[in-house]
Amino acid sequence: MTEIGSSQWRRDMRADLIARRQEIPVAQRNKADAKLAHMLGEYIGDVAGKVVSIYWPFRGEPDLRTFAKACRQQGAVIALPVVVEKAAPLAFREWADGMSLDRGVWNIPIPPADAPKVMPDIVIAPVVGADADNYRLGYGGGFFDRTLEHLRQSKAAKAIGVGYAEQRMETIYPHKYDIPMDHMILVDT
Ligand SMILES: Nc1nc2c(c(=O)[nH]1)N(C=O)[C@@H](CNc1ccc(C(=O)N[C@@H](CCC(=O)O)C(=O)O)cc1)CN2
Ligand SMILES: Nc1ncnc2c1ncn2[C@@H]1O[C@H](COP(=O)(O)OP(=O)(O)OP(=O)(O)O)[C@@H](O)[C@H]1O
């Protein structure tokens, strides 16, 4: 039997939650993404002059690329996370409009190495699972936990977890290194 809260338990939960997310029909997801973008806009408010990190959608994660475009038009700088090394914080590079992207880990598109390095004010993190205390379960690299710890040493970055209601969990049985999100938006599909 798998011990509740163990790393094997997390792996099993991840597999279940990702499968459940990918079962949501695409049309339903697209509608939910528009709602999510609206809720994010309301929560964040004025983005002029701010660096907002989003992510390139992957494995059924909410697609916030239209939201990113709207933020740019309001004067925000959009960034994407980049895995530079295993077991290390993520780096952030500016994603300018129309920029051609390279491929990073898991083939996820990333801005090229010569794109400006930036420090986000707002980090939007896709969740695999999220609990009632705003703890986030991700893909198991521990990247966002390390990143927030690192980022907050020099900047008061806000972290917002995003996903669908299907991603909700009672608890992730947080470990010492898990850092809760400042805000969580799980939108109904
Ligand atoms: N769209 C999107 N982009 C993103 C993230 C994300 O969650 N979503 N990330 C958010 O962090 C980073 C990529 N995260 C990754 C997390 C884990 C592994 C990985 O190799 N995982 C191991 C399992 C680890 C374990 O269980 O011990 C593997 O699959 O072999 C790779 C990338 C940066 N870009
Ligand atoms: N700040 C940290 N310092 C040291 N080790 C860490 C830290 N954060 C996470 N880890 C390690 O990383 C591994 C994965 O952590 P966790 O299960 O929380 O990943 P995750 O949040 O699901 O993944 P991700 O953020 O990459 O999407 C764990 O084995 C943990 O020991």
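These numbers come from a predicted model, not from an experiment.

1. Focus: the site of ligand 1
Here comes step 1: As a structural note, the neighbourhood of ligand 1 is formed by 17 residues, with Trp56, Glu61, Trp106, Gly140 and Phe144 the closest of them.
Here comes step 2: Taking Trp56, its main chain carries an N or O atom lying 2.7 Å from a nitrogen atom of ligand 1.
Here comes step 3: The separation between a nitrogen atom of ligand 1 and a polar side-chain atom of Glu61 is 2.6 Å.
Here comes step 4: The protein chains hide 75% of the 700 Å² of surface that ligand 1 would expose on its own.

2. With respect to helix 3 (residues 65-73)
Here comes step 1: Turning to helix 3, its buried residues number three or more, namely Phe67, Ala68, Cys71 and Arg72. Down the axis of helix 3, the sector holding all buried residues measures 140 degrees, keeping them to one side. Seen from the open side of helix 3, the exposed residues pointing more than 90 degrees away from its buried face are Thr66 and Gln73.

3. A look at the environment of Ser154
Here comes step 1: Here Ser154 is to be found in the loop between helix 4 (143-151) and strand 9 (158-164).
Here comes step 2: Ser154 gets classed as exposed once you look at its relative accessible area, which sits at 56%.
Here comes step 3: Separated by 118 residues in sequence, Ser154 and Leu36 place their C-alpha atoms 29 Å apart.

4. Observations concerning the site of ligand 2
Here comes step 1: Taken together, 16 residues lie near ligand 2, and Arg14, Arg136, Gly138, Phe143 and Glu149 sit nearest.
Here comes step 2: Calculation on ligand 2 without its partners gives an accessible area of 650 Å², and the protein chains cover 75% of this total.
Here comes step 3: Mapped by element, the contributors of at least two residues to the shell around ligand 2 are helix 1 (7-23), strand 8 (136-137) and helix 4.
Here comes step 4: Element by element, the count of residues in the shell around ligand 2 is highest for helix 4, at five residues.
Here comes step 5: Partitioning the shell around ligand 2 into residue classes produces five nonpolar, four polar and seven charged.

5. Notes on the environment of Val52
Here comes step 1: Summarising the element assignment, Val52 is placed in strand 1 (residues 51-53).
Here comes step 2: Residues Val52 and Lys158 lie 106 residues apart in sequence; the distance between their C-alpha atoms is 9.7 Å.
Here comes step 3: Apart from the residues within four sequence positions on either side, Val52 is in contact with Val47, Ala76, Val77, Ile78, Ala79, Ile122 and Ile124.

6. Some thoughts on the pattern of salt bridges
Here comes step 1: By the definition in use, this model includes five salt bridges.
Here comes step 2: Asp178 is the salt-bridge partner of Arg10, the closest N and O atoms lying 2.7 Å from each other. Taken together, the residues span a long stretch of sequence, with Arg10 in helix 1 and Asp178 in the loop between strand 9 and strand 10 (183-187) at a distance of 168 residues.
Here comes step 3: By relative accessible area, which is 6% here, Arg10 ends up buried.
Here comes step 4: Note that Asp182 is salt-bridged to Arg152, the shortest N-O span being 2.8 Å. Taken together, the residues span a long stretch of sequence, with Asp182 in the loop between strand 9 and strand 10 and Arg152 in the loop between helix 4 and strand 9 at a distance of 30 residues.

7. So, helix 4
Here comes step 1: Listed in full, the buried residues belonging to helix 4 are Phe143, Phe144, Asp145, Thr147, Leu148 and Leu151.
Here comes step 2: Those residues of helix 4 hidden inside the fold are in contact with strand 3 (91-94), strand 6 (122-126), strand 8 and strand 9.

The rules behind each value
Residues numbered from 1 in each chain as written. Chains lettered and ligands numbered in written order. Predicted model: local features only at pLDDT ≥ 70, side-chain atom pairs only at ≥ 80, totals over all residues. Heavy atoms only, no water. Near = heavy atom within 4 Å. Polar contact = N/O pair within 3.5 Å; in protein donor to acceptor, adjacent residues only side chain to side chain. Areas by Shrake-Rupley, 256 points an atom, 1.4 Å probe, with all protein chains shown as cover. Buried < 20%, exposed > 50% of the residue type's maximum accessible area, 1.4 Å probe, protein only. Helix = DSSP H or I, 4+ residues; strand = E, 2+ residues; numbered from the N terminus. Arc of directions from axis to C-beta. Nonpolar A, V, L, I, M, F, W, Y, C, P; charged D, E, K, R; others polar. Contact = heavy atoms within 4.5 Å. Salt bridge = Lys/Arg side-chain N within 4 Å of Asp/Glu carboxyl O.

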